Amino acid sequence: MNIDITGAKIFYTFPYDFPVLGKFQITETLVVSWIVMAIITLLCIWLTHDLKVENISRRQALAEMIVETADHFVVGNAGEKFRKLVPFIAALFATSAFSNLISLVGLRSPTADLSTEAAWAGLVFAMITAQKIKSSGLGGYLKGFTSPIFVMTPFNILSELATPISLACRHFGNILSGIVINALIYGSLAVASAALFGLIPGAVGRVLSQIPVLDVGLPAILSVYFDWFTGLMQAFIFCMLTIMYLANAAEE
């Protein structure tokens, strides 16, 4: 992936065309999403292979710790009746976390594409709506849009639609901003490196000015925040908001 900067505009260009199957285009986001799902699937198979009741391996201990952590996270925040959501929340967190962190190996994060978060938010919104209808019935759910007075109906509808939009845009904005900032830092350091070593006279200066020496070190340190911390934190926030929205929907 190349990032071109023209004035105040930042846009992405890719060095290759994606194949098209009829009306279905295979994009980079789709391919990397498949890679993420394959990694998670293989990891789950490896962790749950050859489980024992006694004398468990470190691998099984790790698998049990992950399950217990997911269980405590969901039940502790939403209550016992939401225990059935543990697999979904765990899968959602793993997919988000791996999608965010896969940029560390040079692949473009699927979560830097709004369509990814929009799909997740759409699914969560459908679950929230279903939970509200289950709790208060279809009539009660529709009546809630007129609360406290009928005039508030348009605003209540907008508030309802704002839930998936905020879920998607919050996650997408934080991940994309990290990618753009990292790209700007790399580009700036490359320019600074060329200018600095270009001051050296002769062939040595010409050769060194072509090597982005300053790109070594600082970007790696910043990556700890923009990739590791932000990636894991956004996955946590998305899952936490999902649980909170579902728990609140059950109380309505």
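Please read all numbers here as calculations on a predicted model, not as lab measurements.

K.L.:
Teacher, can you tell me more about the packing of helix 4 (residues 114-143) against helix 5 (residues 153-197) here?
P.N.:
Two quantities define a packed helix pair, namely the angle between the axes and the distance from one axis to the other. At a closest axis distance of 9 Å, the pairing of helix 4 and helix 5 adopts a crossing angle of 155°. If you check the angle between helix 4 and helix 5, you find them roughly antiparallel. Helix 4 and helix 5 meet at a crossing whose hand is right-handed. Mapping the contact onto sequence places Leu114, Glu117, Ala118, Trp120, Ala121, Val124, Phe125, Ile128, Thr129, Lys132 and Tyr141 in helix 4 and Glu160, Thr163, Pro164, Leu167, Ala168, His171 and Phe172 in helix 5. In terms of residue class, the contact of helix 4 with helix 5 is built from twelve nonpolar, three polar and three charged.

K.L.:
So what exactly am I meant to see when it comes to the side chain of threonine 163 here?
P.N.:
Mapped onto the secondary structure, threonine 163 falls in helix 5. Take threonine 163: its relative accessible area is 14%, and that puts it in the buried class. For threonine 163, the residues in contact, after removing those within four places along its chain, are Ile128 and Tyr245.

K.L.:
Looking at this model, I keep getting lost on helix 4. Mind explaining?
P.N.:
At 3.6 residues per turn, the α-helix brings residues three or four places apart onto the same side. Its 30 residues place the ends of helix 4 only 32 Å apart at the C-alpha level, less than the 44 Å of an ideal helix rising 1.5 Å per residue. Its axis deflected by about 110° at glycine 137, helix 4 carries its strongest bend there. Those residues of helix 4 that fall on the buried side of the exposure criterion are Thr116, Glu117, Trp120, Ala121, Val124, Phe125, Ile128, Thr129, Gln131, Lys132 and Tyr141.

K.L.:
I would appreciate a short explanation of helix 1 (residues 28-47) in the present structure.
P.N.:
Over its 20 residues, helix 1 runs 28 Å from end to end, which matches the ideal 28 Å to within 8%, given 1.5 Å per residue. All of the buried residues along helix 1 are Glu28, Thr29, Val32, Ser33, Val36, Ile40 and Leu47. In an axial view of helix 1, the angular spread of the buried residues amounts to 130°, which keeps them on one side of the axis. Counted as exposed and oriented over 90 degrees from the buried face of helix 1: Leu42 and Ile45. Check the buried side of helix 1 and you find it contacts helix 2 (58-78), helix 3 (86-101) and helix 4.

K.L.:
I keep staring at the packing of aromatic side chains and nothing clicks. Help me out?
P.N.:
In this description, an aromatic ring pair is defined by two values, namely the gap between the centres and the angle between the planes. Considering all chains together, one arrives at three aromatic pairs under this definition. Ring geometry for tryptophan 120 and phenylalanine 238: centres 5.9 Å apart, planes at 75°, overall edge-to-face. Linking tryptophan 120 in helix 4 with phenylalanine 238 in helix 7 (residues 218-251), this pair joins segments that are 118 residues apart in sequence. Phenylalanine 238 carries the same exposure label as tryptophan 120, and that label is buried. The interplanar angle of 80° and the centroid separation of 5.2 Å between the aromatic rings of tyrosine 141 and phenylalanine 145 together place this pair among those described as edge-to-face. Residue tyrosine 141 is classed as buried on the basis of its relative accessible area, which comes to 15%. Residue class for phenylalanine 145 comes out buried when judged on its relative accessible area of 14%. Between arginine 59 and the ring centre of tryptophan 46, over which it is positioned, the NZ or CZ distance is 5.9 Å.

K.L.:
Quick question: what am I supposed to make of the nonpolar core here?
P.N.:
Side chains of nonpolar character tend, in soluble globular proteins, to be buried together. In this structure, Phe73, Val74, Phe82, Leu85, Ile89, Phe238 and Ile243 are the most contacted members of the largest nonpolar core, which totals 23 residues. Ranked by the residues each element gives to this core, the list is headed by helix 7, at eight residues. Here valine 74 is in contact with Gly79, Phe82, Leu85, Val86, Ile89 and Ile243, once residues within four sequence places are set aside. Of all hydrophobic cores here, the second largest spans five residues; its members include Val32, Val36, Ile40 and Ile102.

K.L.:
What's the story with the packing of helix 2 against helix 3 in this structure? I'm lost.
P.N.:
Two numbers describe how helix 2 lies on helix 3: the axes approach to 9 Å, and their chain directions differ by 110°. In this view, helix 2 runs roughly perpendicular relative to helix 3, as classed from their interaxial angle. Both helix 2 and helix 3 take part in a crossing whose hand is right-handed. In contact with Ala70, Asp71, Phe73 and Val74 of helix 2, helix 3 contributes Val86, Ile89 and Ala90. Here the contact of helix 2 with helix 3 is built from residues that sort into six nonpolar, no polar and one charged.

Definitions and limits used
- Residues numbered from 1 in each chain as written.
- Predicted model: local features only at pLDDT ≥ 70, side-chain atom pairs only at ≥ 80, totals over all residues.
- Heavy atoms only, no water.
- Axes fitted to C-alpha atoms, helices over the stretch in contact; angles between N-to-C directions.
- Helix = DSSP H or I, 4+ residues; strand = E, 2+ residues; numbered from the N terminus.
- Parallel < 35°, antiparallel > 145°, perpendicular 65-115°, else oblique.
- Left-handed = near helix turned anticlockwise from the far one by under 90°.
- Contact = heavy atoms within 4.5 Å.
- Nonpolar A, V, L, I, M, F, W, Y, C, P; charged D, E, K, R; others polar.
- Buried < 20%, exposed > 50% of the residue type's maximum accessible area, 1.4 Å probe, protein only.
- Expected span 1.5 Å × (residues − 1).
- Bend = angle between axes of the 7 residues up to and from the residue.
- Arc of directions from axis to C-beta.
- Phe/Tyr/Trp six-rings, centres within 6.5 Å; stacked < 30°, edge-to-face > 60°.
- Lys NZ or Arg CZ within 6 Å of the ring centre and 35° of its normal.
- Core = buried A, V, L, I, M, F, W, Y, C linked by side-chain atoms within 4.5 Å.

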